Amino acid sequence: MATYTMKEAKPAPTANKGIIFWLKENLFPDVKSSLFTLFGLYVIYSIVPPLLDWMIFNATWSGTQDEVVNSGARWIFIIEKFDQFMYGFYPESLHWRPNLVAIISIVFVFSFKYIKNLKVKIAGILLFPVVCFILISGGWFGLEVVETEKWGGLMLTILVAAVGIIASFPIGVVLALGRQSNMPILRTLCIGFIEFVRGVPLITILFMASVLLPLFFHDGIEFNKLLRALIGITLFQAAYIAEVVRGGLQAIPKGQYEASEALGLSYWQGMILIILPQALKISIPNLVGSFISLFKDTTLVLIIGLFDILAMVTLTNSDTNWLGYEVEGYVFVTLIYWVCCFSMSQYSKSIERKFNTEH
Amino acid sequence: MTNKQLPVDGKGLLNNPQHRAIFFQILALALVVFFAFYFANNMFDNIESRGITTGFSFLNNTAGFGISQTLIPYDDGTSTFLDVFIVGLLNTLLVSVLGIIFASIIGLLLGVARLSSNFLMSKLALVYIETFRNIPILLQILFWYNVVLAALPSPRQSFVYLDSVFLNNRGLLLPEPILQSGSGAVIISFVLAIVAVIYLVRWSRQRHNDTGQEFPIFKVSIALLLLAPTLVYFIAGQPITAEYPVLKGFNFNGGLTIIPELLALLFALSIYTATYIAEAVRAGIEAVPKGQKEAAKSLGLKDYVILTKVVLPQALRVIIPPVINQFLNLTKNSSLATAIGYPELVTLFSGTTLNQVGQAIEIILMTMAVYLTFSILISLLLNWVNAKMAIKGR
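Residues numbered from 1 in each chain as written. Chains lettered and ligands numbered in written order. Predicted model: local features only at pLDDT ≥ 70, side-chain atom pairs only at ≥ 80, totals over all residues.

Re the overall build of chain A
The condition that has to hold: Counting from the N terminus, the helices are the DSSP runs of H or I reaching at least four residues and the strands are the DSSP runs of E reaching at least two. It is over C-alpha atoms that the radius of gyration is taken, and the globule rule equals 2.2 Å times the number of residues to the power 0.38. Each residue gets a C-beta atom placed from its backbone, and two residues are in contact if those atoms lie within 7 Å.
Secondary structure assignment for chain A yields 14 helices and zero strands. The secondary structure elements of chain A, listed N-terminal to C-terminal, are α-α-α-α-α-α-α-α-α-α-α-α-α-α. Taken over the C-alpha trace, chain A has a radius of gyration of 28 Å; the compact-globule value for 359 residues is 21 Å, which it surpasses by more than 25%. Taking the principal axes of the C-alpha coordinates as reference, chain A spans close to 105 × 75 × 40 Å. Considering only contacts within chain A whose residues lie at least 6 apart along the sequence, 65% involve residues at least 24 apart.

And the structure:
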């Protein structure tokens, strides 16, 4: 009779783990893949060390421009012109005002989670832009007036992007609802607007806003350059938001619409209390995506003569004492845009993962 | 139970949803008409008070400015604004078509690399995608134009490749093909080869359906397309020659010059759009369920058959719509050329022409109409593709 003898479990084969195994599996599994790996290593070798040398090891971080001896980046230019990159021609003694706005915005965004009272929330949302506007442009409470021509740099970029997203959001939602409604005339109007705006490049809309807008109003009504750009960007963004929100609305099961009607809610009650909260929630990743495009598109305002942070590169290089620093300027601006856009896209991906409950 | 019409109680006309819908629509329409009327009225007042002429007669006036790149004959002295419009339109189309070709190639390679089992390749593609899609396109255009291409040497110190291609700060100079008598035969043979390939594809598909036999259609087609024109070229006595760019004094003469503006625009647009195409390719291939590949493998199909007959037909359905949208985006982004002065539609028409003529309404509407036409054509194409590729249910 056979007897059962207990055997010790063998350890996992050593060839299946460890860094050597991983390298063999992922980088050198066969000849073709190994060649690709070598090619990749060569690409890294020819790009990364020179780039690091230029950006960090051989760079000049301090001193005056006469003392520049290194072959790398001359970051002293950025340090010298930092204020202009951030605030444009905003008077130096008043820089605390945009700074304060930045602090208020951060506090506002983070404290928003903890405010439970709806009325306080709405008051905050309505009051916040007013406070920011008064702080930046002045003219009230004894604050010195700063003309919009002097606004510039990163401050202007963020302002254009923020106004674009905040003002276009309600318009976009209304357009999306209009496009989904069953009233034929309203629907046609909304579709016409959305498809028209999405069919033309932003630059033509900006040209239209800057050249045609003054023609549309009586001579008495003045629009400054910034306001025209903001109107153009808001209308443009509204059409894109509308399409994103429409995607969310279409994803809501029909039963939800019917349920809200069965409860006897009016159209607006049903939309605001039942449909939109769900539709907006699932469109958050795409809304963030559309905000990223808007943030990148704010660079276009330089074509109609506003001095955003990208325009500052050319402008700071026209200083006769600082000629020929375009590379440093462009790299600096690139880094700012890249960090902003990349972190936003990572945020949108994390939300997508959070909402994605299917396995 | 029969459906009964709900009784409308007479509490007021506005309580009936249908009446209300009509009321709101009339209100909305009235508002739109009012504003349109108000704006148009102001516009005509303003135009009159500023003494701007209206109408499209300006298109027949002589333009009188030079353009650095024209695809049709253009003369500073005699060409009209209509010619300027056509030149701009053609230049927009040129940069868009070239950009679409390059972006597709780079995007396809990147998308495949992104899915590669090779860890390094996949991560390098990821780094490329995440780097370039997060930098504004205008910034990339300006960087290429103001930094990279501006740093190129003068014509005398050009970079030379194969003694015939020169790169300097005046642009990229290529040998220009010169068509002599008899070159028509080469072109006709090429067209005939294309027609032959189309029929060959149909025949081989029919045969495959009937008998199940494979025909090496790809190799034969390529051979046909290459061999037929080459053969005719030599038979006809080499009628196509090339004119090489030659350095004379401080600049080059002859050859085909690609201006730096076009180069910068092409680099930026194709590098930027490629990131989106790569993501579309990756998403499309990943959308094919893993089971499909495994099932094909367990049937004993070869790797390339799995790719061409199982994975790609399903993946293309997901890939093509977003890629076509990216082509449209590239075309719209080409309007940013106005920042570096590449003579395309927006630069020439909404820029130079508008400054000279001052008829903002006509000019901007014409520019917008061009882009709207593009986007309508693209959406028609998309609808056609979607209908053709839709899963055929039974």
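A closer look at the domain arrangement of chain A
Residues and elements named next belong to chain A. Quick note on the threshold: Throughout the structure description, domain borders are defined by an automatic or database domain assignment. In this count, Pro and Cys sit with the nonpolar residues alongside Ala, Val, Leu, Ile, Met, Phe, Trp and Tyr, while Asp, Glu, Lys and Arg are called charged and the others, Gly among them, polar.
The domain architecture assigned to chain A consists of domain 1 (76-90 + 146-353) and domain 2 (91-145). If you average the C-alpha positions of domain 1 and of domain 2, the two centres end up 20 Å apart. The interface is formed by six residues belonging to domain 1 together with 10 residues belonging to domain 2. Contributions of two or more residues to the side of domain 1 that touches domain 2 are made by helix H4 (82-87) and helix H7 (153-180). Looking at the side of domain 1 that touches domain 2 residue by residue, the class counts come to five nonpolar, no polar and one charged.

Considering the nonpolar core
All names here are of chain B. Inclusion rule: Think of a nonpolar core as buried Ala, Val, Leu, Ile, Met, Phe, Trp, Tyr and Cys residues chained together by C-beta atoms that fall within 7 Å. Burial in this document is a count-based property: other C-beta atoms within 10 Å of a residue's C-beta are tallied, and the residue is buried at 20 or more, exposed at 12 or fewer, or partly exposed in between, with C-beta positions derived from the backbone.
Formed by 124 residues in total, the largest nonpolar core has its most connected members in Ile-141 and Leu-265. Top contributing element to this core by residue count: helix H7 (residues 260-287), with 15 residues. If sequence neighbours within four positions are ignored, Leu-265 has contacts with Val-95, Ile-141, Ser-334, Ala-337 and Tyr-342.

Description of the environment of B:Leu345
Residues and elements named next belong to chain B. Within the fold, Leu-345 resides in helix H10 (residues 345-357). With 99 residues separating them along the chain, Leu-345 and Val-246 place their C-alpha atoms 31 Å apart. Ignoring sequence-local partners within four residues, the contact set of Leu-345 consists of Gly-88, Leu-89, Thr-92, Thr-367 and Val-370.

Concerning the packing of helix H9 (residues 303-333) of chain B against helix H11 (residues 360-389) of chain B
Residue and element names in this part refer to chain B. To keep things clear, this is the line we draw: Between N-to-C directions, angles cover 0 to 180 degrees, with each direction set by a line fitted to C-alpha atoms, over the stretch in contact for helices. Reported orientations rely on four angle classes, namely roughly parallel under 35 degrees, roughly antiparallel over 145, roughly perpendicular from 65 to 115, and oblique for the rest.
Two numbers describe how H9 lies on H11: the axes approach to 10 Å, and their chain directions differ by 175°. Between H9 and H11, the angle is such that the two are roughly antiparallel. In this structure, H9 uses Arg-317, Ile-320, Pro-321, Ile-324, Leu-328, Thr-331 and Lys-332 to contact H11, whose residues at the interface are Tyr-371, Phe-374, Ser-375, Ile-378, Leu-381, Leu-382, Val-385, Asn-386 and Met-389. Looking at side-chain class alone, the contact of H9 with H11 contains 11 nonpolar, three polar and two charged residues.

Observations concerning the interface of chain B and chain A
In this complex, chain B contributes 41 residues to the contact, which on the side of chain A involves 40 residues. Looking at the side of chain B that touches chain A element by element, the count peaks at 11 residues for helix H1 (residues 17-50) of chain B. Class assignment of the residues belonging to the side of chain B that touches chain A gives a composition of 28 nonpolar, 11 polar and two charged.

Re the environment of B:Val370
Residues and elements named next belong to chain B. Note on placement: Val-370 falls in helix H11. Exposure remark for Val-370: the 21 C-beta atoms within 10 Å place this residue in the buried category. Setting aside anything within four residues of it in sequence, one finds Val-370 in contact with Leu-89 and Leu-345.

Describing the sheet that holds strand E1 (residues 159-161) of chain B
All names here are of chain B. Stated formally: At least two bridges found by DSSP between two strands is the condition for calling them paired.
Spatially, E1-E2-E3-E8 is the arrangement adopted by the four strands of the open sheet, whose pairing is antiparallel. Unpaired on one side and paired on the other, E1 and strand E8 (256-258) mark the two borders of the sheet. Put simply, the sheet's adjacent strands are angled 20° from each other on average, direction ignored.

A short note on H1(B)
All names here are of chain B. Cut-off, in case you're wondering: Here the expected length of a helix is defined as 1.5 Å per residue gap, with one fewer gap than residues.
Across its 34 residues, H1 extends 49 Å between first and last C-alpha, which sits within 8% of the 50 Å expected from 1.5 Å per residue. Burial analysis of H1 places just zero of its 34 residues in the buried class, a small minority of the element. Trailing H1 by a residue or two, Gly-51 shows a phi angle of about 70°, which is positive.

Thoughts on the packing of helix H5 (residues 183-211) of chain B against helix H6 (residues 217-235) of chain B
When two helices pack together, their arrangement is given by the angle between the helix axes and the distance between those axes. Residues and elements named next belong to chain B. Put simply, the rule reads: Left-handed describes a crossing in which the near helix is turned anticlockwise from the far one by less than a right angle; the clockwise case is right-handed.
It is the contact of H5 with H6, at a shortest axis distance of 8 Å, that shows an interaxial angle of 160°. Judged by the angle between their axes, H5 and H6 are roughly antiparallel. With respect to the hand of their crossing, H5 and H6 are arranged in right-handed fashion. Mapping the contact onto sequence places Ala-185, Val-186, Ser-189, Phe-190, Leu-192, Ala-193, Ala-196, Val-197, Leu-200, Val-201 and Ser-204 in H5 and Ile-217, Val-220, Ser-221, Leu-224, Leu-225, Ala-228, Pro-229, Val-232 and Tyr-233 in H6. Considered class by class, the residues forming the contact of H5 with H6 number 17 nonpolar, three polar and no charged.

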